[in-house]
Amino acid sequence: MVWSFACVPFGLLLLVPAIDTPDGEYNPDWAMVKHNDESLYLDRETKSTRDFRRLRTSEADKVRSGQKHFGRLAIPFSVVVGAEEV
């Protein structure tokens, strides 16, 4: 049994490529939880706020692009502001 959450560091982009958006590359925070033989893939974007108006416009747009990208892949996506929300 393995339980883990991993934030992909910027330098590891060779293994997890960035997502191209109209505002530049978006590097998502990824997570994988594995319990026995079952795996759950999800994306949790960590920000200081869920209020996109308080983020830089380009950053908010990149997160919106990530939401659309993972939605099309049926991978749950949400913005979190603390570890307890992961």
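Anything mentioned here points back to the structure above.
Presented here is an overview of the structure given in this document. Because the structure is a prediction, the values reported are computed rather than measured.

What counts, and at which threshold
Residues numbered from 1 in each chain as written. Predicted model: local features only at pLDDT ≥ 70, side-chain atom pairs only at ≥ 80, totals over all residues. Heavy atoms only, no water. Core = buried A, V, L, I, M, F, W, Y, C linked by side-chain atoms within 4.5 Å. Buried < 20%, exposed > 50% of the residue type's maximum accessible area, 1.4 Å probe, protein only. Helix = DSSP H or I, 4+ residues; strand = E, 2+ residues; numbered from the N terminus. Contact = heavy atoms within 4.5 Å. Pairing = 2+ DSSP bridges. Right-handed = clockwise from strand over helix to strand, strands pointing away. Polar contact = N/O pair within 3.5 Å; in protein donor to acceptor, adjacent residues only side chain to side chain. Salt bridge = Lys/Arg side-chain N within 4 Å of Asp/Glu carboxyl O.

1. Quick notes on the nonpolar core
Inference 1: Among the nonpolar cores identified, the biggest contains 10 residues, and these are Ile 19, Tyr 26, Phe 52, Leu 55, Ala 60, Val 63, Phe 70, Ile 75, Phe 77 and Val 79.
Inference 2: If you list the elements that add at least two residues to this core, you get helix 1 (57-72) and strand 5 (77-80).
Inference 3: Residue contributions to this core peak at 3 residues, all from helix 1.
Inference 4: Residues within four places of Phe 52 in sequence aside, it is in contact with Ala 60, Val 63, Arg 64, Gln 67 and Val 79.

2. Points about the pairing of strand 4 (residues 38-46)
Inference 1: In terms of strand pairing, strand 4 meets strand 5 through 4 bridges, oriented parallel. Bridge pairing in strand 5 places Glu 45 opposite Val 79.
Inference 2: Handedness of the strand 4-helix 1-strand 5 crossover: right-handed.

3. As for the side chain of Lys 47
Inference 1: Here Lys 47 lies in the loop between strand 4 and helix 1.
Inference 2: Residue Lys 47 is classed as buried on the basis of its relative accessible area of 16%.
Inference 3: At 3.3 Å, the side chain of Lys 47 forms a polar contact with the side chain of Glu 45.
Inference 4: When sequence neighbours within four positions are dropped, the list of residues in contact with Lys 47 reads Leu 55, Glu 59, Val 63, Val 79, Val 80 and Val 81.

4. What about the pattern of salt bridges?
Inference 1: Tallied over the full model, the rule gives 5 salt bridges.
Inference 2: Close ionic contact of Glu 45 with Lys 47 constitutes a salt bridge, the shortest N to O distance being 3.3 Å.
Inference 3: For Glu 45, a relative accessible area of 3% gives the class buried.
Inference 4: As a salt-bridge pair, Arg 53 and Asp 51 come within 3.0 Å of each other at their nearest N and O atoms.
Inference 5: Taking relative accessible area as the criterion, Asp 51 reaches 26% and is therefore assigned partly exposed.
Inference 6: Counted as one network, the salt bridges with shared partners bring together Glu 45, Lys 47, Arg 56 and Glu 59.

The quantities given are spatial measurements derived from coordinates; they are silent on function.
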